[in-house]
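# Report on the structure
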Number of protein chains: 2
Amino acid sequence: MNYSDQKLLTKSAMPVGYPLGIVRKLLHRGARSHLAKVFNKAHPADAARMLALLGATERQQVFSILLAECETAQVAAIVSELEIVDSIPLLQSVGAETTARLLSEMPADDATSLASRLPEPLAAEVLRLMEAAPAAEVRGLLEHEERTAGRIMTRNYFALEEDVTVAEAIAALQRRNEELEMVFYVYVIDKHDHLVGVVSLRKLLTTPPSNQLRKIFFTDVTTVSTNTPQEEVAKLVAQYNLLAVPVVDHEDKLVGIVTVDDVIDVLQEETTEDLLALAGVATEEHLSTKLSRSLRLRAPWLLINLGTAFLASYVISRFEGTIGQLTALAALMSIVAGMGGNAATQTLTIVIRGMALDELVSVPWIVLKEVVVGGANGLINGLVCAFVAGLFYKSFWLGVVLAAAMVINLVIAGTAGILIPVALKKLRIDPAVASTVFVTTCTDVGGFFSFLGIATLLMPLLRG
Amino acid sequence: MNYSDQKLLTKSAMPVGYPLGIVRKLLHRGARSHLAKVFNKAHPADAARMLALLGATERQQVFSILLAECETAQVAAIVSELEIVDSIPLLQSVGAETTARLLSEMPADDATSLASRLPEPLAAEVLRLMEAAPAAEVRGLLEHEERTAGRIMTRNYFALEEDVTVAEAIAALQRRNEELEMVFYVYVIDKHDHLVGVVSLRKLLTTPPSNQLRKIFFTDVTTVSTNTPQEEVAKLVAQYNLLAVPVVDHEDKLVGIVTVDDVIDVLQEETTEDLLALAGVATEEHLSTKLSRSLRLRAPWLLINLGTAFLASYVISRFEGTIGQLTALAALMSIVAGMGGNAATQTLTIVIRGMALDELVSVPWIVLKEVVVGGANGLINGLVCAFVAGLFYKSFWLGVVLAAAMVINLVIAGTAGILIPVALKKLRIDPAVASTVFVTTCTDVGGFFSFLGIATLLMPLLRG
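So, here is what we can say about the structure in this document. (Residues numbered from 1 in each chain as written. Chains lettered and ligands numbered in written order. Predicted model: local features only at pLDDT ≥ 70, side-chain atom pairs only at ≥ 80, totals over all residues. Heavy atoms only, no water.)

Attention now moves to the relation of the copies chain A and chain B. You can overlay chain A on chain B at an RMSD of 0.1 Å; the transform is a turn of 180° with a shift of 0.0 Å along its axis. What we have between these two chains is a two-fold relation. Comparing contact sets, 100% of the residues at the interface of chain A also lie at the interface in chain B, consistent with an isologous, same-surface contact. (Least-squares fit on C-alpha atoms with pLDDT ≥ 70 in both. Contact = heavy atoms within 4.5 Å.)

Counting through the fold element by element, G399 of chain A comes out in helix 20 (residues 396-426). Each C-alpha atom of the pair G399 of chain A and L205 of chain A lies 77 Å from the other, and the pair is 194 residues apart in sequence. (Helix = DSSP H or I, 4+ residues; strand = E, 2+ residues; numbered from the N terminus.)

The next subject is the nonpolar core. Of all hydrophobic cores here, the largest spans 96 residues; its most connected members are M333, I335 and F451 of chain A together with M333, I335 and F451 of chain B. Among all residues touching M333 of chain B, those that are not within four sequence positions of it are A330 and M333 of chain A together with I316, I323, F448, F451 and L452 of chain B. Core analysis: the second largest hydrophobic core is formed by 70 residues, L141, V224, A238 and L254 of chain A among them. (Core = buried A, V, L, I, M, F, W, Y, C linked by side-chain atoms within 4.5 Å. Buried < 20%, exposed > 50% of the residue type's maximum accessible area, 1.4 Å probe, protein only.)

Let's shift gears to the packing of helix 4 (residues 56-69) of chain A against helix 6 (residues 84-104) of chain A. All names here are of chain A. In the contact formed by helix 4 and helix 6, the axes pass within 10 Å of each other and the chain directions differ by 20°. Classified by the angle between their axes, helix 4 and helix 6 sit roughly parallel to one another. Of the two elements, helix 4 crosses helix 6, and the hand of that crossing is right-handed. On helix 6, the residues touching R59, Q60, F63 and L67 of helix 4 are D86, P89, L90, S93, V94, T98 and L102. (Axes fitted to C-alpha atoms, helices over the stretch in contact; angles between N-to-C directions. Parallel < 35°, antiparallel > 145°, perpendicular 65-115°, else oblique. Left-handed = near helix turned anticlockwise from the far one by under 90°.)

Enumeration over the complete set of coordinates arrives at ten aromatic pairs over all chains. Between F319 of chain A and F449 of chain A, the aromatic rings sit 5.9 Å apart at their centres with planes inclined by 70°, giving edge-to-face as the arrangement. Taken as a pair, F319 of chain A in the loop between helix 16 (291-318) and helix 17 (320-325) and F449 of chain A in helix 21 (residues 431-457) lie far apart in primary sequence, 130 residues in all. Given the relative accessible area of 51%, F449 of chain A is considered exposed. Aromatic pair F396 of chain B and W397 of chain B: ring centres 5.2 Å apart, planes at 80°, arrangement edge-to-face. A relative accessible area of 33% means that W397 of chain B is categorised as partly exposed. A network of ring pairs unites the aromatic residues Y314 of chain A together with F392 and Y393 of chain B as a single cluster. (Phe/Tyr/Trp six-rings, centres within 6.5 Å; stacked < 30°, edge-to-face > 60°.)

Take it as geometry only, folks, not as evidence of what the structure does.
Put into structure tokens, the structure is as follows:
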């Protein structure tokens, strides 16, 4: 993506609320050139949004109309703005040649991200067919690991050597007419391409023209290396309010920059991923995801949960004798387990976010805090529970069992909600993905076991 | 916050991993000037992060050392970078005079956000004691609603009239020596302050000096109005890759700009808020939140959930007779309800995110999809369940009851997971906050009712 001057404009033909119905009507009426005109005039981001909202078949139809009737640059810009899950099927359907033509027109970072997701042998074929210069750039970016600075950086930065004067710098900037991703800073390098400093465009304007860059640059520049994870790059840019961060290779040579717009995408992706994963949903799923794919993405999670549900159910089955003696227990046991699940999810969410923000420094203290919060919440809810159950079933001791089990299970919830994600992280398993399953197993098993266990012990009193 | 040239630097005294232990040791050893030196040299964002990680009492102690030993500008910058929940108690503890001194040194948007959260009469007192110019700016921003463009914008933009020449524009820029929040664009206004266009700094550099701005500006600028919700401003900036968006008042006069760094904060806040709310946690809570406050923030949610748990428990109690006849039902009924809760949470999360991204266009189609996905997942899990339960309890009909109840409850889950947030949104209740409670009530009640209901109907076969 780009910060060119033109991106200040939003073409107004398709406002954010452009009715989907009109697009559909034009499509079904076969008004190809009218449809193409609407998409041609729209800001690529709006056009992409409109495409994303269409069903998969309609999207395919509109896309082939666009390919036939619109400027390639506009179609490439629209594809750039689509989410990967939407754009890859479109590109696969049109074949290597057209894909190569589109990728050649895109910013290298976007083309790379698409090329890396295309299946082989299509990807290799596309790279072979692309224009030489963009293909070389894409190959260069592909050398770096996915989700690192090297993969998401752009090579369209503006760098000059330190003995260049301000006047020469301005002249050089005036000569560079092609689109530069970030024209707000001039990066200053030495003879060997090492980054030595940075000058803002504003500084250039306010300095006597004969000064050399070495006299006016800032030297203490924040940099990242090509293999810095994209998440860390994003945190850095967000934390220090940067517009772009320069990327250096293992020899400290300047090789690219990551701009704030790409950082926004990374940040949105990462926060959403963590929290979607907590709900046991694959992050690729959207409202527009095809039915069969939604099913395939969600079913495994439910099957895993089914496995853990059997475990809880096994615990209950060991107490069937107790339940047989007092069926009221069956009605109340789900309360204890359910409340544990809710309390644990609260803790878990805070911990997962805390981990993402690097807030998790003192584990023992947090465990202690969660145990106390869990115990206190257990007491509050246990007492309410005991009161209501006592009224309803006219049994003091049933209330006592409920209250005690609630305290125990909410302490289990607090402990599991913090210790399980911490343990998973130590084992290098993404805590956002796997925590919920383990944590709710703990609270289910803990809830049923404590409630039915105490009830079994106190059965003489309960039946009294 | 600012995009000044200086923000390109990160002072390196306190790197991201600066050990908290050292800060604590310095504090407890009473090494005040050493501690102040560390915080003085650090980038304000790092210093704020370190403060946030300390316990509440230590934070207070360090803060008073900083006030005594550091430059006011640095302390103000650190407070700017703190989260509101952490900074407000610090400011309350030091009183109106010191707070006024700090707020006078901050960018107006940060000072405003703090002033609006201070309790009365402290807030009024602080505004009275602040320096005249910043106080006026804060008062101006306070006139706008919270969470709107008017509240988060800055007035530090650079605007010139359209008949100004390029040479004059550059000269004006050179004269403006104070910090400008966004020096990359020159906004062009007419005699009556109406925004008529924008010129990039790069364009200024590449245009003959005698040209008037009116000849080179872009006219089709994306703007927002002072009462545009901050969420919409953020979406706009993210979608069109803007660095800043100009804010106009009801007469179309330029009154400020919102910059991309503030947009990043808004985006992170909004995504996290929605998804934390789904877990029934107030968004103000962090890992460092005080124990008593965590308890106060979470307890209400658990009490609400307790209420709905009683409803589910009531449904079970109506079937106590059935359970009494076959206690195995007690062990299995929690599986059906639990799976329904999980499936519903999956749907809900996708829907909530879809709403945030404006993806939710065709409700009937999505309901249909969720019903089919729910039914299919119900069938898969129901069959597995029936098989395992059949093996375990050696009862074919128990398996049938489980499978049937699972299908019914997962269809209920899909339907509730989409219809409840849609209904809440129509009622103008934030669906992220209230959906979970209602949705899990549906799946609990639905799960127990369908399973125990079918079991009651088929009791002769089950006991056969």
